[in-house]
Structures are given as structure tokens and as C-alpha cells.
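Architecture and fold: a report
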Amino acid sequence: MLERGFSKPTERIEKLRQVIIDAVPQVESERAVLITQSYKETEGQPTIIRRAKAVEKIFNELPITIRDNELVVGSITVNPRSTEICPEFSYDWVEKEFHTMHNRMADPFEISEKVQHELHDAFLYWDGKTTSALADSYMEPDTKACISNGVFTVGNYFYGGVGHVNVDYGKILKKGFRGILEETITALNALDEDNPSSIKKKQFYNAVIISYNAAIRFAHRYADKARELALKTSCPTRKAELEQIAANCDRVPEFGARNFWEACQSFWFIQIMVQIESNGHSISPGRFDQYMYPYLKDDPIDRVKAQELVDCIWVKLNDINKTRDEVSAQAFAGYAVFQNLCVGGQDEEGKDATNEVSYMCMEAVAHVRLPAPSFSVRVHQNSPMEFLYRACEVSRLGYGVPAFYNDEVIILALVSRGVALKDARDYSIIGCVEPQAGHRTEGWHDAAFFNIAKVLEITLNNGRCKGKQLGPKTGELEELDSMEKILAAYQKQMEYFVRHLAKADNAVDYAHMERAPLPFMSAMVDDCIKRGKSCQEGGAIYNFTGPQAFGIADAGDSLYAIQKNVFEDKRITLKELRDALEANFGYSDAAAPICTPSISEATLDEAQIYEAVKKILSSTGSIDIATLESHLKQGAGTSCGCKSQSDPSKYATIHNILKNTDSFGNDLEEVDEFAYRCGKIYCNEVDKYMNPRGGQFQAGIYPVSANVLFGKDVAALPDGRLATEPLADGVSPRQGNDVNGPTAASNSVAKLDHAQASNGTLYNQKFTPAAVSGEQGLKNFVSIIKSFFDKKGSHVQFNVVDKQTLINAQEHPEDNQDLIVRVAGYSAHFVTLAKEVQDDIINRTEHDM
């Protein structure tokens, strides 16, 4: 039997899980108040010392919470699944949303009046002192114009901490924080006082010492709290648990772990302390099975109890949350924090590294049934078949995990970027899909969203955006009378906008270097202690900046549609195409036709009524006859501003031709070549740039859910896509266009240069549950993955859910609170997503085998 199934979770895990499900995310103010007090007390001191003393104050005074039934303790917030605010990065957007954050479209949070008042008082200090303020002052007007017009955004690190790191958990499990302190003191004592660099190095070492002494006290506060609760409980079993928790927190992470429970507790303290220091997301546990297995292997602990401890960590990873501004919340919809935990793969010698903990993590997914962590498996030529079958069994559960990564592509991609082979073999996944050499890298993954489809739109308009000159003049569309001229113009526009992307990213990079160095986190990244500088100052061995693109398929399909229908078959002229694009093919937006005649002059057909109904429902969620009539009467009369209102059917004909042109995702070489070239042009431009930490830019192609948000900024395209509609996600074909089956779709995707896009590529596929059911379905599932990886695909992930289930959940969210889906490089509860993101997932092609 290939199908093993999964055991049932313990009653404890069910109770802890329910706390997360029932939680109402709230904004808390303690961290903001404490860091503000600390900064007021340390005016005039070196920045890195101020950062260390701020962390010290937070570790010493942040409220301590141990929740019922917990075996692994430590919480950033008093309330479950809630968030603190970090005003040193940005704050003004929070105050603007005090009265709207609770009911906004994506990721709402409650903010009490008391918290609003405390945050307002704290924010008064930060005017002009944040990283975002400094970054903004470094940006040129032309760069800001690119951002404001939807070509790219660096809002991720502009508004918040960088995160996107994997620290050396294994080192702390082995040596404890005392080991970090000893290493730092040794380096401090060895400084050459006559070397001018010793001035700043000494400040870094002192900051590490301050931070780690405070971190040890933070753990001891939990030990004291556990003892206090043990004295109060009347339950002998819980009393014993709390006493053991106290003993664990007395021991770790100050010293090395001696058993599996201590290792689990030490891991969790590291996880939340890194998060507390900086509000960056994607603090990724990395290769959990590799550093945890030594503590399980020699521990006589009952394996059911050990599994329960792993399950407890799984629940705790869902407790960490983060709020973002309203626009960013739509791009990261689903309360995503992107803590990527990875299992499988190879060791430094290239041998298979799968172990018992690898499989325990898969069991934890089945037990906990929550969106976090972003669970990943590494696959290589010698991965055990049992491992692959088990991973696919997990995927069939329908929680959108695991994501599958191809060692054969990723390791060589990292080596090509200058990573040593043994370090590349030890790669882990950060955030969504970003590979990096674990605990040796400051990767600045997810540094920007870059809208490739928007660049194509601007190209077709001679550098104009919304009527204003934004990019260079590269020729009106009618003048670009060959595909070579169109591609040349596209290349010039890409050069311009990627250059400004690099300038924007580097402005933000400098701001974090100068105002937000992170001594606590940096001391767990090689070689910051050896070099005597933080990650933000270039202390890591490997330094990258990784902006990611989306809209590859849209741009590729659009260029092929021009080649096929304008230059080859001559069914459309360039002027006709331009007019149709400007008129959005006769639609006023993505849903409603522009050229609707007066309701008194024509009888509306069923399709027009449906489109009006759909538009109202998508914006309000409800409808009444008066609203419908009002929408149908909009644009009454014969004048609607269309260039060809005398012959509106002409746009429909052009639209039909373009929509029925072959598309990326069907294993058609001449079509796929255009998507390849669009990706290649972007990656080549990104490769040209360096960052302030001495590292190189490297491209990624993945969207989070920005393909939906930034699709709103893109006008109609020559592939027949209407204005404002979502773009294709990641390297996936456009929703519904991959009509030749899953193998043809994956063959198209595999043709892209995944190795050059070394910051990660993201490929979504969706299967019906029936398609992968039974032993034969499981075998077919594994075959799909292996075939894709044999053709040099880098990453693939799956939603195993049928379309009707998603539609039912959208209509009846109260009955589908547990439904989890894969959005992009993360999973989320479907009912928490904005409707437009839900629609994007519903509309993805549904494959059968």
C-alpha cells in the first residue's frame, strides 16, 4: 500500500488549534510604546547601540503570556494571532487606518481606542526618524513616478523590516546564546585598536552583548511565569508540565539543548525573538529536520509525545501575525507571514538528508490543518520514493502544501551566483519560493514587485502612462512595424524601469543600514561576528537583492498575439490594435461594455444584464433592483467616448481574434518562446546591478498575490485581457489558457530560464481531488512532479480542490472557516481572502489527469 494515511491529533492540539481559528486579530501597542521610550532615553548614542538597548527594553518589559495547554511557550502578543506595531520603520499609515483597519477588504485587525491613543502618543516622536522617511529622501522624482504609476513597488521594506532570513538555529541548539556571547567577547578582545574599523566593530560587538543578555532574561521570565502558574493550578498533570516548561526555559536558549523538548523550546524562542527585534516577515525556519533530528535520534522520548511537540510548534507558527497598510494587505492577502519550513534534500556532500523529522513535519500538517508554516520539500534525483509519495499524500489533503523544489536546478543556480557548492547544497527556502544558502545570506528577497505587463503597456504607448510621458520615447505603435522594432522598444523601456527599480531598492537598503541595523539577528548569520558588522552593513557571507516580477505570461502572450495576428496573418492592423486597446475592446472596465446604448433605445440582452449584476456583486456583495437599474442606465444616450462607437462590433471581432490566439501553457514552442524572451529580458536587466552591501541583484518571478492587485493598474493587452483584470501569477499560464492538460502546461513553464531567475520562480497547478485519488492517482501525482523537474522546472505547488467547493465557500463563508488554499508562495484560509483574490484562485485552470 502506497497510501499510509495520517494519524489523529491529540486533544491538546485540537484545543490549541481552535484558539487560532477563533482568534480575532488585534493590534497591540506595547512594543511601539517600549521602543519609543527607549529611543527617547538613548538620543545621541550610536544607532546600533540604540537598537540593542531598544531590544533590551522590549525583552525585559514585553508582557509574558503562557496559554492553556501549551508545551512550547513564548508569544509576541497577549492576544492570539495578533500583532505589534514597529514605528521605527513607518507609522503614518497606521494612524490613517485607525478607523478602517477593522473592516478593510484584506486582512482586517481590531484596534481598541486605548491602543489607538497609546500608538498616537508614541508616533509623535517618530516624525522624520523612520527608515521610510530616510528612504523617501534618497529617491529621485522619476523613481517615485515609476512607483506611483504601478510599474513597481518597494513597499515591502519601505514600510517594514526586511526579514527574509534564515538564522543558524542549529548553532544555538548546540551552543546556546552563551556560545554567541563567548564568540563575540573573543572577537571584541582581539580587536586591533589602531585599526580605524575597530571603532564601529566595537559598537557592533557591544550591541550583540546587550541584546543576548536581554534575550537570556526574556527566556527566564517565561521560566518564572511557568513556575507561577504551576503553583496556581490544581491539575497534577498540568502542574508537572508547567514545572518542566520552567526547567526548559531556565536552560534554553541560554545553553545548548539536551533533549528534543528543550530543542523545540529553544527553536521557538529564537523564532519569536528575531520577529520581535524587527517586524520583517519571512523569518523562515529553514531546514528544520536537519537541525532538530540530532535531538530526537538519541532521545528516548515517546514518539507520540515527540509528534505532539512538533504539532505544538506548528500551531505556534500560526500565532505570529503582521499588519500592513491597506494596499500592501491586498498584495499579501490572507494574514501571510511566510515562515518557510523546509525538509528533505541533500547534505553538504550531496547525499540524501531525509530523516524521521522530515516525516513528522508532514504528519504535523495533517494534524494542525492551518495555513502556517509555508511548508516545503526539497527533491533530488536520489530522494526516496517513500518521501515523494508521502509528500504527495500531504498535498492531496488540500491545504496547499508542501511546495516542491528541484535541487538539480536550484543548487546550480546558487553556484552560478558565487555560492560555494557545499553551501548551495545546504540551501533552504525563504518566504514564498526564494532559495538561499541558509544562515549565511542577507538575501533581500521580495525586495520589490515589478510589473512586466505594465512595461509592455507603456511600450505600446511610446513610453506614456495614462497620457503622461513616464518612460523614454521609443516610437508610436504604428511606427513599430516589425516584431524586432517592438522588442527593441520593449528592451529600452525595461532598461529604464529596472534601473529605477534598482535605485529605489538601494535607497531603502541604505535606510535600513543607517537606521535599523539588527544586532540580535545578525549574530546568528555567518560571518557577521567575524566581520564585526550587522547584516544590514554587509556582514553576511552572501549578499543579494531579489526583486520579483509578474505578468510574464501576459506579456509573452501579448507579443505572440501581435506577431501572429498583425505580422503573420495580417488579420489586424497596428492602428486597429491601438484603437481597440485604448477603447478596452469596447468595455468601460473589466466587466461593463463601454458602448451600451440608451436603455430607452435598445433592449439589453441577458449578457449585458449579467455583466452589470456581476459588477455590483463584486463591489458590494449584494444587489437590489434599484441598484441594477441605475447601473444599466449609466451611459444612456449615444455618446460614450468610444473612438468607433459607430461600429462597436469591430472591437468585439478584434477581441475575439486575440482571445482565441494560442497561449503560453500548451507546450507550443513558437508561443512559449515569447514568454521565455520576456522573462529573459527582465532577468538580464536585473543582473546588471549591485547593492550597497557589496552584493548582486538577482531576479525572481513570483507574485505573492500582487498579480491581482497590480492588475488593476494595467490597461487592456494584446492577448485579449481586459483592463484591470488580474495578471497571470508567477510563471503560471494565464488563468484558463492552459487547455492541453497539466503535462503540456508544465512543459511550457519548464522552458523558462529558472536558473537565471535564481531569486525563485513560482508555479501553481490545480487538480480536482478525483484526479489524484487512490494509489494510481498518487503515482500519477508523483510522475507529474518528476517529469516537470526532469525538464528543469524549479518549483511547483498545488491546490487540490474542485471549483464548486471554492464557489460554495465564497457564497457561504460561515460554513467554510477551515478551507485552506494555496494563494502564491503561501497558504491562507480561503474565506479571509479578498473576493478578487478568491476569484483569481477559482478561475485557475482545473486539471484532471
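Residues numbered from 1 in each chain as written. Predicted model: local features only at pLDDT ≥ 70, side-chain atom pairs only at ≥ 80, totals over all residues. Heavy atoms only, no water.

Examining the overall build of the protein
The line we're drawing: We count a stretch as a helix when DSSP gives it H or I for four or more residues in a row; a strand needs E for two or more, and each element gets its number in order from the N terminus. With C-alpha atoms as the basis for the radius of gyration, the globule rule is written as 2.2 Å multiplied by the number of residues raised to the power 0.38. For each residue, the accessible area found with a 1.4 Å probe, counting protein chains only, is set against the maximum for its type, and the residue is called buried under 20%, exposed over 50%, and partly exposed in between. Here, Shrake-Rupley sampling with a 1.4 Å probe gives the accessible areas, and only protein chains in the shown set may cover a residue.
Counting its secondary structure elements, the protein contains 34 helices and 21 strands. Taken over the C-alpha trace, the protein has a radius of gyration of 27 Å; the compact-globule value for 849 residues is 29 Å, and the two agree within 12%. Oriented by its inertia axes, the alpha-carbon framework of the protein measures out at about 80 × 65 × 55 Å. Here the protein, with 849 residues, has 63% of them falling under the buried criterion. When the accessible surface of the protein is totalled, it reaches about 29,700 Å², and 50% of it is carbon and sulfur.

Description of the packing of helix α2 (residues 30–41) against helix α3 (residues 47–61)
Rules: Helix axes use the C-alpha atoms of the stretch in contact, all axes being lines fitted to C-alpha atoms, and the angles between their N-to-C directions lie in the range 0 to 180 degrees. An angle counts as roughly parallel when it lies under 35 degrees, as roughly antiparallel when it exceeds 145, as roughly perpendicular when it falls between 65 and 115, and as oblique in every other case. Each crossing gets its handedness from the near helix: less than a right angle anticlockwise from the far helix is left-handed, clockwise is right-handed. The contact definition used throughout considers only heavy atoms, calling two residues in contact when any of these lie within 4.5 Å. Ten residues, namely Ala, Val, Leu, Ile, Met, Phe, Trp, Tyr, Cys and Pro, are considered nonpolar, four, namely Asp, Glu, Lys and Arg, are considered charged, and the remaining ones, Gly among them, are considered polar.
Running from N to C, α2 and α3 cross one another at 135 degrees; their axes reach a closest spacing of 9 Å. Classified by the angle between their axes, α2 and α3 sit oblique to one another. Remark: the crossing between α2 and α3 carries right-handed chirality. On the side of α2, the interface is formed by Arg31, Leu34, Ile35, Gln37, Ser38, Tyr39 and Glu41, while α3 contributes Arg50, Arg51, Lys53, Ala54, Lys57, Ile58 and Glu61. In terms of residue class, the contact of α2 with α3 is made up of 5 nonpolar, 2 polar and 7 charged.

Quick look at the pattern of salt bridges
Stated precisely, the cut-off is as follows: Only one rule defines a salt bridge in this text: a Lys or Arg side-chain nitrogen within 4 Å of an Asp or Glu carboxyl oxygen.
For the coordinates displayed, the defined rule picks out 60 salt bridges. Measuring nitrogen to oxygen at the nearest pair gives 2.8 Å for the salt bridge that ties arginine 31 to glutamate 88. Here arginine 31 is found in helix α2, whereas its partner glutamate 88 is found in the loop between β2 (83–84) and α4 (92–96), with 57 residues between them in sequence. Neither arginine 31 nor glutamate 88 differs from the other in exposure class; each is buried. Ionic pairing is found between glutamate 478 and arginine 578, a salt bridge with its closest N-O pair at 2.3 Å. Here glutamate 478, found in the loop between β13 (468–469) and α21 (483–515), pairs with arginine 578, found in helix α25 (residues 574–582); they are 100 residues apart in sequence, far enough to count as distant.

Re the sheet that holds strand β7 (residues 403–406)
Where we set the bar: If DSSP finds at least two bridges between two strands, the strands pair.
A sheet is described by the order of its strands in space; here 7 strands give the open sequence β4-β5-β6-β7-β18-β17-β21, paired in mixed fashion. Lying at the two open borders of the sheet, with one neighbouring strand each, are β4 (286–287) and β21 (846–847). Pairing between strand β6 (residues 374–379) and β7: 4 bridges, direction parallel. The residue bridging serine 376 from the neighbouring strand is alanine 403, located in β7.

A look at the state of the cysteines
Counted only if it meets this: Any cysteine sulfur atom paired with another within 2.5 Å is treated as part of a disulfide.
The full count for this structure, using the stated rule, is 0 disulfides. Summary of cysteine pairing: cysteine 249 is not part of a disulfide, and the nearest cysteine sulfur, belonging to cysteine 264, is at 12 Å. Note on cysteine 249: relative accessible area 1%, which makes it buried. Here cysteine 392 is not disulfide-linked; the sulfur of cysteine 342 is the nearest cysteine sulfur, at 16 Å.

Re the side chain of asparagine 759
In plain terms, the rule: Residues adjacent in sequence count toward polar contacts only when both atoms are side-chain atoms; beyond that, a polar contact is any pair of N or O atoms within 3.5 Å, and within protein one must be able to donate a hydrogen and the other to accept it.
Turning to its location among the elements, asparagine 759 is positioned in the loop between α31 (742–750) and β17 (764–767). Within polar-contact distance, the side chain of asparagine 759 engages the backbone oxygen of glycine 546 at 3.1 Å. Residue contacts for asparagine 759: discarding those within four places in its chain leaves Val433, Glu434, Pro435, His445, Asp446, Gly546, Pro547, Gln698, Ala699, Gly700 and Tyr702.

What about the layout of surface pockets?
Rule in force here: Think of a 1 Å grid over the protein atoms and nothing else: a 1.4 Å probe that fits but is trapped marks a cavity, an open set flanked by protein within 12 Å on at least five of seven lines marks a pocket, and residues with an atom within 4 Å of a point count as lining. Grid points are joined across faces, edges and corners, and a volume is the space filled by probe spheres set on the points.
The space that makes up the second largest pocket amounts to roughly 680 Å³. Taken together, the elements giving at least two residues each to the lining of the second largest pocket come down to α4, α6 (131–138), α7 (141–148), β3 (152–153), α8 (155–159) and α15 (326–331). Within the lining of the second largest pocket, the residues separate by chemical class into 15 nonpolar, 10 polar and 10 charged.

Notes on the packing of helix α13 (residues 288–297) against helix α16 (residues 356–368)
Where α13 meets α16, the closest approach of the two axes is 8 Å, and the angle between their N-to-C directions is 110 degrees. One finds that α13 runs roughly perpendicular with respect to α16. Regarding α13 and α16, the two cross each other, and that crossing is right-handed. Across from Phe288, Asp289, Met292, Tyr293 and Leu296 in α13, the residues of α16 making contact are Glu356, Val357, Ser358, Met360 and Cys361.

Quick look at the pairing of strand β9 (residues 434–437)
Of the two faces of β9, both are covered, the one formed by Glu434 and Gln436 as well as the one formed by Pro435 and Ala437. In this structure, strand β8 (residues 427–430) lies alongside β9, joined through 4 bridges in antiparallel fashion. Each bridged residue has a counterpart across the sheet, and for isoleucine 429 the counterpart in β9 is proline 435. Counting the residues between successive antiparallel strands, the hairpin from β8 to β9 contains 3 residues, one of them, glycine 431, with a positive phi of roughly 60 degrees.

Brief notes about the packing of aromatic side chains
Think of a pair of aromatic rings as described by two things: how far the centres are apart, and how the planes are tilted against each other in angle. Test applied: Think of it this way: a Phe, Tyr or Trp ring, Trp meaning its six-membered ring, pairs with another when their centres are within 6.5 Å, and the plane angle makes it stacked under 30 degrees, edge-to-face over 60, tilted otherwise.
Evaluation of the coordinates by the stated rule reveals 38 aromatic pairs. Aromatic pair tyrosine 169 and tyrosine 291: ring centres 5.3 Å apart, planes at 15 degrees, arrangement stacked. Taken together, the residues tyrosine 169 in helix α9 (residues 169–189) and tyrosine 291 in helix α13 connect sequence positions 122 residues apart. Each ring, one from phenylalanine 767 and one from phenylalanine 781, has its centre 5.9 Å from the other, and the planes form 65 degrees; the classification is edge-to-face.

Describing helix α12 (residues 260–277)
Each full turn of the α-helix corresponds to 3.6 residues, which orients residues three or four apart in the same direction. Our working definition: A helix is expected to reach a length of 1.5 Å times the quantity of its residues less one.
The terminal C-alpha atoms of α12 lie 26 Å apart, and with 18 residues this matches the ideal 26 Å at 1.5 Å per residue to within 8%. Summarising burial for α12: 18 of the 18 residues are buried, a large majority. The N-cap of α12, judged by a side-chain oxygen 3.2 Å from the amide nitrogen of tryptophan 261 a few residues on, is asparagine 259.

Quick word on the environment of methionine 494
Within the secondary structure, methionine 494 sits in helix α21. We classify methionine 494 as buried; its relative accessible area is 0%. C-alpha of methionine 494 to C-alpha of glycine 471: the two residues are 23 residues apart in sequence and 9.2 Å apart in space. Setting aside its immediate chain neighbours within four residues, methionine 494 contacts Phe450, Ile452, Val455, Ile681, Tyr682 and Glu685.

Some points on the pairing of strand β14 (residues 542–550)
Most of β14 is tucked away, with 9 of its 9 residues classed as buried. Across the two faces of β14 the burial is the same, with Tyr542, Phe544, Gly546, Gln548 and Phe550 and Asn543, Thr545, Pro547 and Ala549 all buried. Pairing geometry for strand β10 (residues 441–442) and β14, over 2 bridges, is parallel. In the strand pairing of β14, glutamate 442 is matched with asparagine 543. As judged from the 4 bridges shared by strand β11 (residues 445–451) and β14, these two strands associate in the parallel manner. Residue asparagine 451 lies in a different strand from β14, and its bridge partner there is phenylalanine 550. Here β14 pairs with strand β15 (residues 696–697) via 2 bridges, running parallel. Residue pairing for β15: threonine 545 is matched across the bridge by phenylalanine 697. For β14 and strand β16 (residues 700–701), the ladder comprises 2 bridges, and the chain directions are parallel.

With respect to the environment of arginine 417
As for its position among the elements, arginine 417 is in the loop between α18 (407–416) and α19 (421–425). Along the sequence, arginine 417 and glutamine 696 sit 279 residues apart, while their C-alpha atoms lie 8.4 Å from each other. Here serine 758 takes part through its side chain, which lies 2.7 Å from a polar atom of the side chain of arginine 417.

Nothing here speaks to function; it is geometry throughout.
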